Structure formats: structure tokens, C-alpha cells
Amino acid sequence: MPSRVIWPLAAAIPWTCLAARAEPPQQPTTPAAATSQGAAEWKPAAAPLATRWTAQVDPSCVWPEYPRPQMVRQEWLNLNGLWEFALAQAEQAPPLGRALRQRILVPFCVESALSGIMQRAQRVWYRRTFDLPESWRGRRVLLHFGAVDWEARVWLNGQELGIHRGGYDAFSFDITPHLRPSGPQELVVGVYDPTSDGTQPRGKQVNEPQGIYYTPTTGIWQTVWLEPVPEVSIESLRLVPDVEGSCLRLVVQCRGGGSGYVVRAAALMDGETVARAEAPVGEECRLVLKRLRLWSPDDPFLYDLRVSVHPRAKPTETRDEVQSYFGMRSIGVRPDEHGTPRIELNGRPVFLVGLLDQGFWPDGLYTAPTEEALRYDIEVTKQLGFNLIRKHVKVEPARWYYWCDRLGVVVWQDMPSGDASVGPGQGEITRSEQSARQFELELERMLRGLQNHPCITQWVVFNEGWGQYDTQRLTQWVKQFDPTRLVTCASGWNDLPVGDVIDVHVYPGPGVGQPDGKRALVLGEFGGLGLGIDGHTWTDKTWGYRGTADRKELTLAYVSLLRACWALHQEAGLCAAVYTQTTDVETEANGLLTYDREIIKVDMALVAAANRGRFPAITEWVATSRQQPQTWRYTFHAPPEGWEAPQFDDTGWQQGAGGFGTQGTPGAIVRTEWNSQEIWLRREFEVDELPAEELLLSLHHDEDVEVYLNGVLAAAARGYTTRYVELPLRAEALAALRRGRNVLAVHCRQTGGGQYIDVGLVRYSPPQAP
């Protein structure tokens, strides 16, 4: 009969942010021969793109870091490395006692280059052997899987241990009854993953990747490992910070029995014990802190925590002990002095500016190639001035949240989506009983597995209309399960009157939802400005929600968006804004970093300043018609060649006040109607002295536009804007600027929807240092 699957009831927490403190223990010398078997012959498959860390992956020491920084024991055995591998068929017998011909590098999924396979498959086999350290004799042995996507069947020494279904949560087996007395132990894993053929949670994985949907992850994609534990051992920690009471509320659950045992816990601050407490196993243990220091992105302080279990009858005996950490912080929504709901961190209003983070890698797909790579994205996010990451329809390994805890980034955690979708305003889908049961099972596992991380302040139940059903019931259930965090019922599209926030998506944006006086207004997605960098893309054809020409234009466009976000924060109650996105992903080129992480595509100093609310000084030099109407010559009929030149005679053109377009176009200030397909405009201006500051174009265009200065192309932009933005001037156009008479000439074309054009010049000075 299969062994019981051990579900972690709660997670403890990753390690502390103080440099003086040690990391969780690293992997001991691995005695298992299969870890390095064939390592000399292994190499990654040829992917469209690699990262700087691809070449650093060592099959004899892959992902050696301790995989559960939330609950650390000193002894463990890492089973990552080269495993035997084969494609499988439905109803096929497991390859027990039979070697498989191929090799796969665990923990990289079958479709990834780093697995060495890079092949799409829905059913696969894994096999390896391992030897246990002699010192583990007499103790129970647990087999842990960080994550396997999606269904995993596990055998040890010919005995089936159990089946686990769910692609994002850790699971374990007590393998003690099935161990051989000596010699190699045989481990076999069979995986089935229907991806988009099924209704299970899968995030952005699809069988046919395109657009905003990406390559699937099949099989083992997080660390596989073993640990010895005593007969009575700590199974889980539940850590709840109580800032108002200056205490940590701790509940410890044990496996192997708990009655007759007590828990002892100590909290440490810079090595000094600041709280001690004791309680029976399974009951709340309150550690009242002598010194309270709150966790925040500006000061991500973490307390160390030591937890041990003792028999009540023999209190001097220690049966088990683990190390952990915790952060003290609170999160909530409260009205300000004007009655506007504001998100408060530790009792103070905070404006959260974040990145939408997909968590994909060109070499490892769902799995970062190394710990350094995993950490890099978070570090760059901080360096760019962001204080928030929205982890988008994916759950990361525990060490990702550990680094967010330690480095200080607020996290909004999405539940991975699945099943069918509905469009904006179309309500909810109807799920089958099986689909709903699986979604809710994996939702609960996600909450239990991540609930102790101080970085996570908000759960997102649904993204847009992806698999959205029973929204009010599920949102209320999540809030009841975890009242210490905020809950979003649906990020974008189909909001219902439940949860703590009203979340809209606006591309490029920004924008806010309709306030209800109770929930905080947040912008769950905006931006998506595109810039593909040759040599650093997954494919030749890339896209963004609005294209930019180069680094400078992308930076200016981003800063313009953030200026508008901060204005909405101050004037309309916007509490958070999440920009799309951290990196390019496959065909998407709308990241601030390239997919291979080689290039940061924006000016880091200007972006960081904008994220913190400091902006360049912009003053009008040649005014637009935003405040006062400016007179232009214009025509709706194609002019002859040379129409943009200063000497062109435009006296036959009509004359009118800017801006030009149709009423109702977003952000437009229409004074002269333009409703034809194209318009050409000219305007003279006089210059006495050339400015010392940098000059930029200020324009609002819908749609494609070319702007000339004294007959020289100054800028060209495709698509449309919904407000005035700044664009850099080409060097040749700046060189054509002169004292005396100058001419601006503009051509704008329209294909559908609203239309508008207005242009001016502004002086630009970078923000002053704080």
C-alpha cells in the first residue's frame, strides 16, 4: 500500500538579512554516484538564447544550496544532478530495476536547454540510485521534492510511495519502511503533464507558445533531497508577526506524535536573545520581543529563530531542533485624512512601485540556472528603485522568497491560473467539480507553503479572467485563511465587490479603477514598453505594448509613465503600480532587462529616481496646445515632395489651432477637428538663444507620427499615446536648430479609433540628487 504523502502544513521562513549571519547549511559531500555519473559528457542543449550563468552550471554540483531556508536542519543529502531519463507512454509499467538510456540534469525541466533534453513531452520517466550515509541508520528518512509539474508517481526499491498532483508545491514521503538495509537505493519517478490540454493550474505555460504564453515546464523543476529526522520531529512552523503586541505567534506541528511534547523557542537579534517562550506542541507559543525592529523594503530586518522539541517528562532531552527566521511587519488598508483608502505598511501609507515578474529563463525556463542568477533579478529590481514584485501566475522555489525577505522587496503572490478564460466584463467561467477541487487544493497548498514570508503582503486569487470562478467565495476564504495579508479577488478585468483592493490593468497607461470608498486602488499591470536588442532576443520577431526606438526613448517613456503614476497617487488615491515587466520573455520585448539578463535597457539612475518620485525638470520652450492654443498651418491632402523644408510655401494650407483630432480621444484637447486618415502640419517659431538644457519633443500622437525640425527628421513614433510624452530629438535635427526662424513640420496617420496630434519642444534637466 502506498505510503502517506507528507504535506507541509506551514512553512517557516528564509534567512536573515544581516551580513554577519551565516547562510543556511550547504550540501554535504554527496555519496550518491549517480549525481556525477556521465557529468563529463553532459552539455546543455542548443537553446535560442543563453545566460552568463549557463556555462557555470556544473552537473556534479547543481543547485547545491539548502532548499528549505525557512526550516533548517544541519544534515541533508542533495539528489540534484544527472538522472537516467526516458520518454513514457500512457499505462506503461515503471522501469523498476531497469536502466534508462538518456540522461537529464535535475532540477531542470524536460523542455529546457539545461536539462540536456530540450524536448516537449507529456509523459516521462526519471530513475537514479543513491546510497545513504552510515550515520543516518536508526533514524527516519524523508524524501523531498521542491516541485514537479504536474503529476508525479514515485517508487523506491520497487514499492510505490504515492502520487502527487500539483506543479508548484513541495511534497515529501517518509521512505524509511522501503529502504534496503545496505547498498544502492533505487528511486523512480513517472511524470504526466498535460499543460494546456488540461484544466490544472499552469500559469503561462501552453503547448503552443505564442504572444504572452510561453514554453511549458514538464517534470522535476526544483531540488530533490533527503534528510534524516528522529521519530518525533518538527513538521511545520506557523509564524505570525503581531506588531501591535510586539510579539511573534508561533505554532509548531510535529510528525510521529506531539502529545507529551513541548516546544521551546528563542528569538535572536544580532546574536542576542530578545525573547523566549514555551508551549505544548500544536498550541500557540508567544514570543514577546524586548526590542522591536520592523521589516520593510528600506530596512529588511530579520530576527533569527531557534525552535526545539522536548519530551514533557524529560525536559532536558532535545528530540529535534530547527533554525528559522521571521520579520515583524503589518499590512492593511485605512482611509487617509480625506477619506481615501490607502495601503499602509507598518501603520504608515506607502506607495508601492513594482515589476510584473514572470520568472522565466531562456536556459532553464521555470528554473534559474544558479542561485546567483535567481538573486540577480531581485537585486537589480532593488537597484532600479522598485519596492514591489508581483510574482505573476507562478510560484517560485523557497529560496526566491528567502532573497526577497533578506533583500527587502514586497511581494504580491499570484495563484497560478488554469482552465478556460473569459474576457473583460464577461463574468466568470463554470468549472467542473474536478477542476475546481484541484484549483482549490493547490491554492491552499500555496498559502500554507508561503505563509511565513514577511515579504508577501498580498495574495492574488485570479489574474484577469483566466480561470476565474466563484470569485467572492474564494476571496473570502483566502482572507479567512490569512487575515494578516491583503487579498485581490482579480487583478484586472472582472472585479467583484470583495477583497481589499480594486485592481485594473491599463496598457500603456497609467489609470485607476472606479473607487468604492473601501478598497485601495491599485494598477496591477501597465506599461509594457517594447525594445528588442539585437543578439539578445529569443526570436527575430518581438513585440511590446508600445514600441520604442532605443534606450533613451525607452527611459523617457518610462519616466513619463511614472510621473503620471505619482500624480494619480497624489490626486486619485492610487496605492500601487506594477510595470510590465522585469525581463523580456520569449517573443515579448517589454522587459527592463533583456531575456538573457545581459543588458539593462534603461538608464538606471533616472528610472530609480522616478520610482522614488523624483523627476527631471521639464519646461516648455516651444509650447504645445495643452494649455494655450497654438496656431498651425495644416492640410488633409498629400503635399508635394519637400513639404517639410523651411523654404516650402504653405500659404495655401488651412490655418487652425492645435490640437487636431476627434473629440473623445483619450487625453486629447481638440480645438480643430481632424477625422481623415492623414494630416500634415507646419509651424514657425523664433529662437533668440539656444538653451543650455537638453531639448526634447513633447507630443501626444494617435497614431503613427513623424516630426521634422528645419527639414530634418527629428523623431518618428508608431502607435499611440493617451497623454503628452517626451521623445529624444535626433542629433541631426538638433544640429539644424538655429537662431531666428525655425520650422516644425509634422505628419500623422490614423488607422482606426480615436485620433489626435499636437507637438512642442521642452527643456529637460535631470533630477537633483536627494
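All values derive from a computational prediction rather than experimental measurement.

### Examining the pairing of strand E9 (residues 159-165)
In this structure, strand E8 (residues 151-156) lies alongside E9, joined through six bridges in antiparallel fashion. Following the sheet pairing, Val 154 is matched in E9 by Gly 162. The loop that links E8 with its antiparallel partner E9 comprises two residues; one of these, Asn 157, has a positive phi angle of about 50 degrees.

### Considering the confidence of the model for the chain
The predicted model of the chain has a mean per-residue pLDDT of 94, with 95% of residues at 70 or higher. Segment residues 1-36: pLDDT under 50, and 144 contacts once partners within four positions in sequence are set aside and those in other chains are kept.

### A short note on the sheet that holds strand E21 (residues 331-335)
If you walk across this open sheet you meet the three strands as E21-E22-E23, and the pairing is antiparallel. The sheet terminates laterally at E21 and strand E23 (348-349), the two strands that pair on one side only. Direction of pairing for E21 relative to strand E22 (residues 341-345): antiparallel, over a ladder of five bridges. Bridge pairing in E22 places Ile 331 opposite Leu 345.

### Some points on the packing of helix H1 (residues 371-383) against helix H2 (residues 398-407)
Interhelical geometry of H1 versus H2 gives an angle of 35 degrees and a closest axis separation of 10 Å. Considering only the axes of H1 and H2, their crossing is right-handed. Every residue of H2 that contacts H1 at Glu 371, Leu 374, Arg 375, Ile 378, Glu 379 and Lys 382 is listed here: Arg 399, Trp 400, Trp 403, Cys 404 and Leu 407. Class assignment for the residues of the contact of H1 with H2 results in six nonpolar, no polar and five charged.

### Points about the pairing of strand E44 (residues 740-749)
Of all ten residues in E44, seven are buried, a share of seventy percent or more. Of the pairings in the sheet, the one linking strand E39 (residues 678-687) to E44 comprises ten bridges and is antiparallel in character. Its bridge partner being in E44, Phe 685 is matched across the sheet by Asn 742. One ladder, built from five bridges, connects strand E41 (residues 705-709) with E44; its direction is antiparallel. Residue pairing in the sheet places Glu 706 in a bridge with His 747 of E44.

Conventions we followed
Residues numbered from 1 in each chain as written. Predicted model: local features only at pLDDT ≥ 70, side-chain atom pairs only at ≥ 80, totals over all residues. Heavy atoms only, no water. Pairing = 2+ DSSP bridges. Helix = DSSP H or I, 4+ residues; strand = E, 2+ residues; numbered from the N terminus. pLDDT = per-residue confidence, 0-100. Contact = heavy atoms within 4.5 Å. Axes fitted to C-alpha atoms, helices over the stretch in contact; angles between N-to-C directions. Left-handed = near helix turned anticlockwise from the far one by under 90°. Nonpolar A, V, L, I, M, F, W, Y, C, P; charged D, E, K, R; others polar. Buried < 20%, exposed > 50% of the residue type's maximum accessible area, 1.4 Å probe, protein only.

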